[in-house]
Structures are given as C-alpha cells and as structure tokens.
Amino acid sequence: MNSIISPSMYILSILFLLSASLTTSSPIQQTSLIQCLSQHSIPLSIIYTPNNSSFTSVLESRAQLPRFTEPSVPKPELIFTPLSESHVQAAVICSKELGIHMRVRSGGHDFEGVSYVSIIESPFIVLDLTYLRSISVNINNISAWVQVGATLGELYYRIAEKSNVHGFPAGICPTVGVGGHITGGGYGILLRKYGLAADNVIDAHIVDVNGRVLDRAAMGEDLFWAIRGGGGGSFGVILSWKIKLVAVPETVTVFSVTKTLDTKLLYRWQQVADKLDENLLTRVLMRVTNTSERIVTTTYDGYFLGGADRLVQVMQESFPELGLTRKDYSETSWIQSTIFSYSIPLNTSLEFLLLRNASSTSFEGKADFVREPIPEFALEELRKRISEEDDPLIIWTAYGGMMNRIPEYETPFPHRKGTMYKFHYFTNWPKGDKNVAKHMSWIRSLYNYMTPYVSKFPRGAYVNYRDFDLGINNKGNTSVIQASVWGVKYFKGNFQRLVKVKTEVDPGNFFRHEQSIPPLVFKR
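Residues numbered from 1 in each chain as written. Predicted model: local features only at pLDDT ≥ 70, side-chain atom pairs only at ≥ 80, totals over all residues. Heavy atoms only, no water.

A. Layout of the overall build of the chain. If you tally the helices and strands in the chain, you get 17 helices and 18 strands. Over its C-alpha atoms the chain spans a radius of gyration of 23 Å, differing by no more than 12% from the 24 Å that the globule rule assigns to 524 residues. Overall, the chain is about 75 × 50 × 40 Å in size when its C-alpha atoms are taken along their principal axes. Taken across its 524 residues, the chain has 59% of its residues classed as buried. The long-range fraction of contacts in the chain, counting pairs at least 24 apart against all pairs at least 6 apart in sequence, stands at 73%. (Helix = DSSP H or I, 4+ residues; strand = E, 2+ residues; numbered from the N terminus. Rg over C-alpha atoms; globule rule 2.2 N^0.38 Å. Buried < 20%, exposed > 50% of the residue type's maximum accessible area, 1.4 Å probe, protein only. Contact = heavy atoms within 4.5 Å.)

Listed below in structure tokens is the structure:
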C-alpha cells in the first residue's frame, strides 16, 4: 500500500471541494480525513460529495430501489468508488481511525437499502465497489475469480465465453452484485442440483477491520465460514470470490405455462416439487394478469439439465397433472436459460446479461420457508388477498435435491433439509406512487396470514431478502439477546457461531448496520 503524502495544493483543492458538504457539526474531521486519504494516494476522481455534480448520479446508479433515494431518506456525506484493493484498505483504515461510519455497496439490491442508507448512524459514508468488477475464468481448474462489483449477468456471460458446459449456481437477476449475493447464500435455477452460490465458493479476499487483505488461509476457516451466507457488512469488506464452476449439459430444456389459479393443481405441485429429478427445478409465479377483472394466474416454470425427450418422461412420471406435451418444452443452452429465468424471451441477445441499469420501480419483499403443503382453503384465501393488491407477485421456488444433503451448519444459511419450497412475496409500485403505506400494509397483512402455514420455531427468513420488520440493532451497539430476535430467523442455530466469529474478528463493531451480527462483548 502506498504512503506518499500529496502536495499541499492537492490537499487544499480536495478540502475546498469537500468543505461545502462536510459541516462543522459533522464528526468527520475534514483536514484529518483529507490528510489520511492523501497519504494513501486516494485520487480526487473517486471521491464524491453532495457538492459534486455527479454525486446524485453515482448514488442512484446502483440503487436498485428508488424509494431509498428519495429526498427524505438520509444521504451519505461521501461516496468512495475505489479502483483497487489498496483503495479499499485505505478507506477502512481512515474510516476506523477517524471514527467514520461506513456502508459497503456492490449491487445495491438490499431490500432495506443498508448498503447505501443508514437510519441508525449519522453521518455515514458509502464505499461503492462498482469498479471492482474483474472476472477471470479458468476452465482448466474449473474455477473463476470474480470481484464483488461484478454482476451475476457479467459472471454468467464470461463463463459462457469460455465454455458451454460450465455454469455457476447463483441468482436469476442479472444486475445483482456478486458481492452481496454470495454473502447471503444466493440461490437460482441450479439450486436443486448444486446448492447455493455460497456452497460453491472455495476462496475469498477480504479487507479486515485492520485494513489487511486476507485470503482463506490467512483469515481462517471460521471467518471463511461466516462470510459465505452470514450476511454482508458484519465481518469486513469482501473484495473477490474464488468460485467453483459446475458442469451443465450442452442442452438445457425449459418450459413456462400460465394457467388461471387451480388450487388442486397447485396443491399437487406442493406434494411433488421437492421430490422431482434433481436435474429439474420448478417454480410457480402467482400474480394478477388481468388488472380489470383481477384474475389470479399461476405460471409454472421449469429448468431441466438435459434434453426435452428425457424431461417429457420425468414430467409424465412425476407430475402429469400439469398436462404438458413435447411442444411445451424448448431446448436451449444453460446461458440462454439464465436469461429465460428472468422472464426474458429465449432469443434475446446474450449482451442483455451485461446491462447494469438501476430499477425504475420500487418494491417490498418478504420470504418464508414451507415444510408442509398449504391446504386448498388457504390457497383460496391467497387468491382473494393477491387480487386486492395493485401489482403483487408470489414466487414459489422448489427445494429438495442437493439442498437436502448439505447440513444446515455447513454454511450460515440453514434452511435446507425438510424445506419443500421457499416463498418470496412481492408488491411493486412505480416511482412517485402515493400509496406506499397501502402496499406496505398489504404485504405485512399477507405475511401475518401465512404464519400457520410456514416454518416455525423459528419462522425462517432469508438474509438476502432483509426485513426490518423482524427487528433492528440499536445505534452503535446491540445486545446479542436483542439481535437474536431476527438473527435466529435468518440463521437458526448458526447465529451463535456468527456472533463468536464477529467477537473474534471485529470486537469493536466497526462493521455494523441495522442487522449486522453483533459482538458478544462490545469493545471500542
């Protein structure tokens, strides 16, 4: 890491630009901050303040939920967009030295915006890892190094450039940042065959609280375990992941059929979805497709690692009730199936995966894990409730297969054996909608209604679908007992081990946010 002191005129020029946005009441010591950054050769071009004309565009460029960029939402004092690992080290060292609260952003998809918004710490800065996005695919050893600012779409595209028989088991949204996705577990259409993204990580680089860059050997197995599913923003700044590529056939078969909600058919899907051939993942998308008549439909999607003829046999043997025939199946490649899983037509150019546009709509989402089939009368109530909301969506994603074979303590993500499928509840609304309170009330009411039908003791939740309704930390520090209210929902028995790791690697709780893992004994 460089330790060159910049010329005094350079320091003064940065100070002049920052002075308008860093008020005297701010705990950020202006001169000390500039000197610290300059000593580590942080260039002016990667520092943005509210006084900079590019500040808003940089803040919003990776903010995937527009509701967290509205004027009433707290804004950072500074945004850093590092260009190298040493810049990240400098950001951590200077922030810790000067007592500056820092948030870390890769893709900006956090459901509660904790990667670029703080409701418990003020002022704060954002470390935006957008430019750390290199991807190096090595087919010879069936692996890849991917920096955390890269998106899933970019990762899939680069793998496909090198091979049509390799893939990676991660999410369906191509704009999601690799960094945050893997820290929460990360699931997608290869879930039943290969498990989660975090299950297929073999090394990582992380900047710890002391500004050191550590790999797996240097960080130790406890910390390596914690960062693969324990949630982002608790243990350090992930720089890159070394992932294990997985085998996919040259031919992948997909289908998507939409039907008016048939509760008997949906009940049957619940009985078989987690028991199908593990090369097949199915999911159901429940939504309102006729806005005037409020007709609730279910779209049955399937992704099969193999040819259509074999899939015909699998479906006839295991789920003939869906009534599919050979013409309902489309043979394609794995890389095209990743586009199809995002509800984009199969003939779409692969360059679609490289788009990094921020969303123009806002949403609220929640998650549940289901271990027993939901009875038909409750499915009828779901029909009624979903028809009452403007733009709702419930995604049912089948589990089983590999998810039954990986122990729940293997990584911090515990929702495995015995889980039949996962619920993902959504309500969407356009930017500027004046009925946000109505939408929030609807999804909370739906979530409460589902209580008897989902996992219990604890009721499971998914940390990548962060939910502040489960509880949040206090400013600066939270007791483990208080945090366990939400912690056991995300991590079950793994929460206590995460606390132990946190206590060892960050006892001063420098890396913190509204739902970060707290240390057992708080030490500054």
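B. Representation of the sheet that holds strand E2 (residues 78-80) in the model. Pairing within the open sheet is mixed, and its 4 strands lie in the order E1-E2-E4-E3. Edge positions in the sheet fall to strand E1 (47-48) and strand E3 (101-105), since each of these pairs with one other strand and no more. Relative to strand E4 (residues 124-128), E3 is paired through 5 bridges, and the arrangement is parallel. Pairing of histidine 101 across the sheet is with phenylalanine 124, part of E4. (Pairing = 2+ DSSP bridges.)

C. Local environment of helix H15 (residues 436-449). Between its first and last C-alpha, H15 extends 20 Å over 14 residues, near the 20 Å set by a 1.5 Å rise per residue. Along H15, the residues that are buried comprise His439, Met440, Trp442, Ile443, Leu446, Tyr447 and Tyr449. Those residues of H15 hidden inside the fold are in contact with strand E16 (361-370), helix H13 (376-387), strand E17 (392-398) and strand E18 (421-430). (Expected span 1.5 Å × (residues − 1).)

D. Seen up close, the packing of helix H16 (residues 480-491) against helix H17 (residues 494-505). Running from amino to carboxyl end, H16 crosses H17 at an angle of 125°, the nearest separation of the two axes being 8 Å. What the angle tells us is that H16 and H17 run oblique. For the crossing formed where H16 meets H17, the hand is right-handed. For the pair H16 and H17, contact is made by Val480, Ala483, Ser484, Trp486, Gly487, Val488 and Phe491 and by Asn494, Phe495, Gln496, Leu498 and Val499, respectively. Partitioning the contact of H16 with H17 into residue classes produces 8 nonpolar, 4 polar and no charged. (Axes fitted to C-alpha atoms, helices over the stretch in contact; angles between N-to-C directions. Parallel < 35°, antiparallel > 145°, perpendicular 65-115°, else oblique. Left-handed = near helix turned anticlockwise from the far one by under 90°. Nonpolar A, V, L, I, M, F, W, Y, C, P; charged D, E, K, R; others polar.)

E. Fine view of the UniProt feature "domain: FAD-binding PCMH-type" (unreviewed entry) in the chain. Per the UniProt record, "domain: FAD-binding PCMH-type" (unreviewed entry) is found at residues 72-248. What you have in residues 72-248 is 26% helix and 24% strand, and the ends, taken at the C-alpha atoms, are 47 Å apart. (UniProt positions renumbered as here; feature names shortened; annotations may be inferred.)

F. View of unusual backbone geometry. Here the bond from serine 122 into proline 123 is cis, since omega is -5°, no more than 30 degrees from zero. Assignment of secondary structure puts proline 123 in the loop between E3 and E4. Of note, the amide linkage connecting phenylalanine 457 to proline 458 takes the cis form, showing an omega dihedral of 5°. Backbone geometry at serine 343 places phi at a positive 65°, although glycine is not the residue there. By the secondary structure assignment, serine 343 is in the loop between helix H12 (334-340) and E16. For lysine 492, which is not glycine, the phi dihedral falls at a positive 50°. Turning to its location among the elements, lysine 492 is positioned in the loop between H16 and H17. In this structure lysine 492 comes out as partly exposed when scored by relative accessible area, which is 25%.

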